Amino acid sequence: MRMQEGYVAEGIREAWEQGLTAADMEKINRYTRRAFGPEEVFAFSMVLCDNRVDRDGERFPVESLQKLRELFLGKTCIFGHQQVGANQAARIFDTALEEEPGQEAEGGETLTRLIARAYLPRTKGTEEMIALIDSGMLKEVSVSCAVARRVCSVCEQEQCGHVPGEELNGQAIHRLLLEPTDAYECSFVAVPAQKGAGVVKRYARQGEGLKKAWQALEQEAQWGRKYRESLTEKVLKYSALVQPELPREVMKSAVRGLSMEELDMMGRTYEKLAQKALPLRPQLAPERARVREDENKAFQI
Ligand SMILES: [Zn+2]
């Protein structure tokens, strides 16, 4: 058995608030302790994976996608970041294969995507996650599953001399992931925080929609920079309150090497410290007054 890990698909592409049919609700209510009404859940759809060669030179043929379609039913999707509580998980209640007529995947197959529809109950605890999904910030999903066999696309052997990535008769040699045996929890990838360089490679190798992909990445990088600036500004602001003796420029260069996550954490920590420090201000005022009194006394002598 082999783990197929970290497959990053296109991810969330649609969130809708209404339009859940009775049939949809029936599917959702298979996973709930009591029957929910459509107004009590938030639903969205996402692309889990497709039959194209991924950045590791592997792909799921349609036959494997069929099996994955069954295996992902009922699985949860978590938000793999500290910003949202770990107990918030969306559950996949419906899966489907969607063909893209006119677009080909490797091996002569029509491009086929495994689409999942998931729901979250609308509670106080899921508000944040729903807002994040709605905002379109969670654009990617990391999916993992186990497959029984991984074979060469040319000779269908598990061990052979064919080198993935090399061309043979105009087709890139790759590995086929066959007989999926299990699907695991998937996780959302927040766009500004973690932008895998592998995504670029993946698009580049496929050589399709490259310009569009670059533009999207460029845009996301800009987004990331803006996000970083705002996090840095937060750290500097609260640091100035908590440790006013530390020059802003020193602090600025100190945080330059931090990851987005560390910056975020630091901002939160300083914010808490600043909130604790602020009530001290009124107590400082009399102290200053006393100093002035002392100064006056000194003058009196
Ligand atoms: Zn081979």
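Each value, and the rule that gives it
Residues numbered from 1 in each chain as written. Predicted model: local features only at pLDDT ≥ 70, side-chain atom pairs only at ≥ 80, totals over all residues. Heavy atoms only, no water. Helix = DSSP H or I, 4+ residues; strand = E, 2+ residues; numbered from the N terminus. Buried < 20%, exposed > 50% of the residue type's maximum accessible area, 1.4 Å probe, protein only. Contact = heavy atoms within 4.5 Å. Disulfide = S-S within 2.5 Å. Arc of directions from axis to C-beta. Donors = N, O, S within 2.8 Å, 3.2 Å for Na, K, Ca; no water. Tetrahedral: all angles 85-135°; square planar, octahedral: opposite > 155°, others 65-115°. Core = buried A, V, L, I, M, F, W, Y, C linked by side-chain atoms within 4.5 Å. Salt bridge = Lys/Arg side-chain N within 4 Å of Asp/Glu carboxyl O. Phe/Tyr/Trp six-rings, centres within 6.5 Å; stacked < 30°, edge-to-face > 60°. Pairing = 2+ DSSP bridges. pLDDT = per-residue confidence, 0-100. Polar contact = N/O pair within 3.5 Å; in protein donor to acceptor, adjacent residues only side chain to side chain.

Participant: Can you tell me about the overall build of the chain, naming the residues and giving the values?
Facilitator: Scanning the chain from N- to C-terminus turns up 8 helices and 12 strands. The proportion of buried residues among the 301 residues of the chain is 39%. Of the contacts made within the chain by residues no fewer than 6 positions apart, 74% connect residues no fewer than 24 positions apart.

Participant: Requested: an account of the state of the cysteines, with residues and values cited.
Facilitator: Scanning the entire structure with this criterion turns up 1 disulfide. The partner cysteine of Cys-77 in its disulfide is Cys-186, sulfur to sulfur 2.4 Å. With a gap of 109 residues between them, Cys-77 in strand β5 (residues 76-79) and Cys-186 in strand β12 (residues 186-190) connect regions that are remote in the sequence. There is no split in this pair, since Cys-77 and Cys-186 are both buried. Summary of cysteine pairing: Cys-145 is not part of a disulfide, and the nearest cysteine sulfur, belonging to Cys-49, is at 6.8 Å.

Participant: Any details on helix α3 (residues 127-135)? Residues and values, ideally.
Facilitator: Three or more residues of α3 are buried, namely Met-129, Ile-130, Leu-132 and Ile-133. All buried residues of α3 project into a common sector of 160 degrees when viewed along the axis, lining one side.

Participant: Can you lay out the coordination of the zinc ion for me, pointing to particular residues and giving the numbers?
Facilitator: Bound to the zinc ion are the protein donor atoms Cys-152 (SG), Cys-155 (SG), Cys-160 (SG) and His-162 (ND1), situated 2.1 to 2.3 Å from the metal. In this structure, the zinc ion is surrounded by 4 donor atoms whose angles at the metal cover 103 to 116 degrees, and the resulting shape is tetrahedral. We note that the donor set of the zinc ion lies within a single chain, spaced as C-x2-C-x4-C-x1-H. Take Cys-160: its relative accessible area is 30%, and that puts it in the partly exposed class. When its relative accessible area of 27% is taken as the criterion, His-162 is described as partly exposed.

Participant: For the nonpolar core, give the residues involved together with the corresponding values.
Facilitator: By size, the foremost hydrophobic cluster in this structure holds 30 residues, and its most contacted members are Met-46, Leu-48, Leu-68 and Ile-92. Sorting elements by how many residues they give to this core places strand β3 (residues 41-50) first, with 5 residues. The residues contacting Ile-92, other than those within four sequence positions of it, are Tyr-31, Met-46, Leu-48, Phe-72, Leu-73, Gly-74, Lys-75, Cys-77, Ala-116, Arg-117, Ala-118 and Cys-186. Within the second largest apolar cluster, 11 residues are counted, among which are Leu-231, Met-251, Tyr-270 and Ala-274.

Participant: A description of the pattern of salt bridges should follow, citing residues and the corresponding values.
Facilitator: According to the stated counting rule, one finds 14 salt bridges in the structure shown. Arg-113 is paired through a salt bridge with Glu-100; the nearest N and O atoms lie 2.6 Å apart. A residue pair is termed long-range when its members are at least 10 positions apart, and Arg-113 in strand β7 (residues 110-121) and Glu-100 in strand β6 (residues 89-104) qualify at 13 residues. Given a relative accessible area of 9%, Arg-113 falls into the buried group. Between Glu-271 and Lys-234 there is a salt bridge; the shortest N-O distance is 3.2 Å. Of this pair, Glu-271 sits in helix α7 (residues 260-277) while Lys-234 is found in helix α5 (residues 210-242), placing the two residues 37 residues apart along the sequence. Take Lys-234: its relative accessible area is 25%, and that puts it in the partly exposed class.

Participant: Help me get a handle on helix α2 (residues 62-71), residues and values and all.
Facilitator: Turning to α2, its buried residues number three or more, namely Ser-64, Leu-65, Leu-68 and Leu-71. The buried residues of α2 occupy one face: seen down the axis, they fall within an arc of 115 degrees. Within α2, the exposed residues directed more than 90 degrees away from the buried face are Glu-63 and Glu-70.

Participant: I'd love a proper account of the packing of aromatic side chains, names of residues and values included.
Facilitator: Per the stated rule, a full pass over the model turns up 2 aromatic pairs. Taking 6.2 Å as the distance between ring centres and 35 degrees as the angle between the ring planes, the aromatic pair formed by Phe-42 and Phe-44 counts as tilted. The residues Phe-42 and Phe-44 share a single accessibility class, namely buried.

Participant: Residues and numbers for the pairing of β6, please.
Facilitator: Pairing between β5 and β6: 3 bridges, direction antiparallel. From the neighbouring strand, Cys-77 faces β6, where its bridge partner is Ala-90.

Participant: Hey, could you go over the confidence of the model for the chain for me, with residue numbers and the actual values?
Facilitator: On average, the chain scores 76 in pLDDT, and the residues at 70 or more come to 71%. Between the elements of the chain, mean pLDDT differs from a low of 27, seen in helix α4 (residues 198-206), to a high of 96, seen in α2. Per-residue pLDDT stays below 50 along residues 81-85; that stretch engages in 13 contacts with residues further than four places along the chain or on separate chains.

Participant: Got a sec to walk through the side chain of Thr-126? Specific residues and values, please.
Facilitator: Following the sequence through the fold, Thr-126 ends up in the loop between β7 and α3. In this structure Thr-126 comes out as buried when scored by relative accessible area, which is 7%. Engagement of the side chain of Thr-126 in a polar contact is seen with the backbone oxygen of Pro-121, the distance being 2.6 Å. In terms of polar contacts, Thr-126 uses its side chain to reach the backbone amide nitrogen of Thr-123, at 3.0 Å.

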